[in-house]
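Take a look at the letters that make up each chain.
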Amino acid sequence: KRNGVLILRLLDKIRKKPKLWTDTLSQLFPRDEETSLNLPPWMCSCVKIGLEIEQNFNDLLDLHLFPDKDNEETCKDIQLRLPLIVRYNVLSVETSPEQYSHFDAIKGMVELNGTALYGPEVSYLNHSCEPNLSRMSIGDVMFFVTNRNISSGDELCF
């Protein structure tokens, strides 16, 4: 459900600033149609949000946000790739210990956690069972700290 909400927010931002797609989001994995078509399709776990996403994709074409000759192709590319970009590049944002003082007895800590889509630089990092980085968040800022010495050419993993 959270990824679906993030997709809706991104579509809203693309409507307001189309260059967000062409300059940033389109650079994230999966970077092309062929790769996207070889990945499992994304389906929203919430029917209501899924229908809203589908409507937003359909509306995007009619807005003519991209040059006429590219508009239809770009909108189809967004519809195919954006859900996969979110799936494969989103990171969780966990509650830090100092936020426990904001505990809600009904909702628990759910409202203090979330997901975020970071720029292309972070999408080049991988997960590992033996990470050499730790990932931390303070508010809406995420940073990485090395856990050990890293040699030039070593892959960065968290």
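Before going into details, it helps to say that this report is about the structure given with it. (Residues numbered from 1 in each chain as written. Predicted model: local features only at pLDDT ≥ 70, side-chain atom pairs only at ≥ 80, totals over all residues. Heavy atoms only, no water.)

## Looking at the packing of aromatic side chains
Our working rule: Two rings belonging to Phe, Tyr or Trp (six-membered ring only in the last case) form a pair when the distance between their centres is within 6.5 Å. Interplanar angles under 30 degrees mark stacking, angles over 60 mark edge-to-face geometry, and anything in between is tilted. Working definition: helices are DSSP H or I runs of at least four residues, strands are E runs of at least two. Numbering for both runs from the N terminus.
Scanning the entire structure with this criterion turns up 2 aromatic pairs. Consider the rings of F29 and Y88, whose centres lie 5.6 Å apart with planes at 85°: the pair is edge-to-face. In this pair, F29 is assigned in the loop between α2 (19-24) and α3 (33-37) and Y88 in helix α5 (residues 68-89), connecting sequence segments 59 residues apart.

## Looking at the pattern of salt bridges
To be explicit about the condition: We define a salt bridge as a side-chain nitrogen of Lys or Arg found within 4 Å of a carboxyl oxygen belonging to Asp or Glu.
Enumeration according to the criterion identifies 5 salt bridges in this entry. Here D12 ties to R15 by a salt bridge, and the two come within 3.4 Å at their closest N and O atoms. Pair noted here: D12 and R15 are both in helix α1 (residues 2-16), with a separation of 3 residues, about one helical turn. Ionic pairing is found between D12 and K16, a salt bridge with its closest N-O pair at 3.1 Å. One end of the pair, D12, and the other, K16, are both in helix α1, 4 residues apart, so they sit about a helical turn from each other.

## A few points about the nonpolar core
Side chains of a nonpolar character, in soluble globular proteins, are inclined to be buried together. What counts here: Buried Ala, Val, Leu, Ile, Met, Phe, Trp, Tyr and Cys residues that are joined via side-chain atoms within 4.5 Å together make up what is termed a nonpolar core. For every residue, the accessible area (1.4 Å probe, protein chains only) is compared with the maximum for its type, and the residue is labelled buried under 20%, exposed over 50%, or partly exposed between those bounds. Here a residue-residue contact requires only that any non-hydrogen atoms of the pair lie within 4.5 Å.
In terms of nonpolar packing, the biggest core is built from 25 residues, with I78 and L82 touching the most fellow members. Among the secondary structure elements, those contributing two or more residues to this core are α1, α4 (47-63) and α5. Here I78 is in contact with L11, I14, W21, F57, L60, F66 and P83, once residues within four sequence places are set aside. In this structure, L125, L133, M142 and F158 belong to the second largest nonpolar core, which totals 5 residues.

## Considering the state of the cysteines
For clarity, the threshold we go by: The criterion for a disulfide is a pair of cysteine sulfur atoms lying within 2.5 Å.
What the rule picks out here adds up to 0 disulfides. Left unpaired, C44 is separated from the closest cysteine sulfur, that of C46, by 5.5 Å.

## Description of the packing of α1 against α5
Put simply, the rule is: Note on geometry: axes are C-alpha line fits, over the in-contact stretch for helices, and angles between N-to-C directions span 0 to 180 degrees. Comment on the angle field: the value is read as roughly parallel under 35 degrees, roughly antiparallel over 145, roughly perpendicular from 65 to 115, and oblique elsewhere. If you view the pair so one helix is near and one far, a crossing is left-handed when the near helix is turned anticlockwise from the far one by less than a right angle, and right-handed when it is turned clockwise.
In the contact formed by α1 and α5, the axes pass within 10 Å of each other and the chain directions differ by 130°. Relative to α5, the element α1 is oriented oblique. In the packing of α1 onto α5, the handedness of the crossing is right-handed. Judged by residue contacts, N3, L6, I7, L10, L11 and I14 of α1 engage I78, L82, P83, V86 and R87 from α5.

## Quick notes on unusual backbone geometry
In this chain, F29 is followed by P30 through a cis amide linkage whose omega measures -5°. Inspection of the secondary structure assignment puts P30 in the loop between α2 and α3. If you check the backbone angles, H64 has positive phi at about 50° while not being a glycine. The topology assignment puts H64 in the loop between α4 and α5.

## A few points about the environment of F144
Mapping F144 onto the fold places it in strand β4 (residues 141-146). On the accessibility criterion, F144 (27% relative accessible area) is partly exposed. F144 sits 14 residues away from F158 along the chain, and the two C-alpha atoms are 8.5 Å apart.

## Some words on the environment of N89
Which entries qualify depends on this criterion: Polar contacts here mean pairs of N or O atoms no more than 3.5 Å apart (in protein, one a potential hydrogen donor and the other a potential acceptor; neighbouring residues in sequence count only if both atoms are side-chain atoms).
In this fold, N89 is placed in helix α5. Here the alpha-carbon distance between N89 and L28, two residues 61 residues apart in the chain, equals 7.4 Å. A distance of 2.9 Å separates a polar atom in the side chain of N89 from the backbone oxygen of I85.

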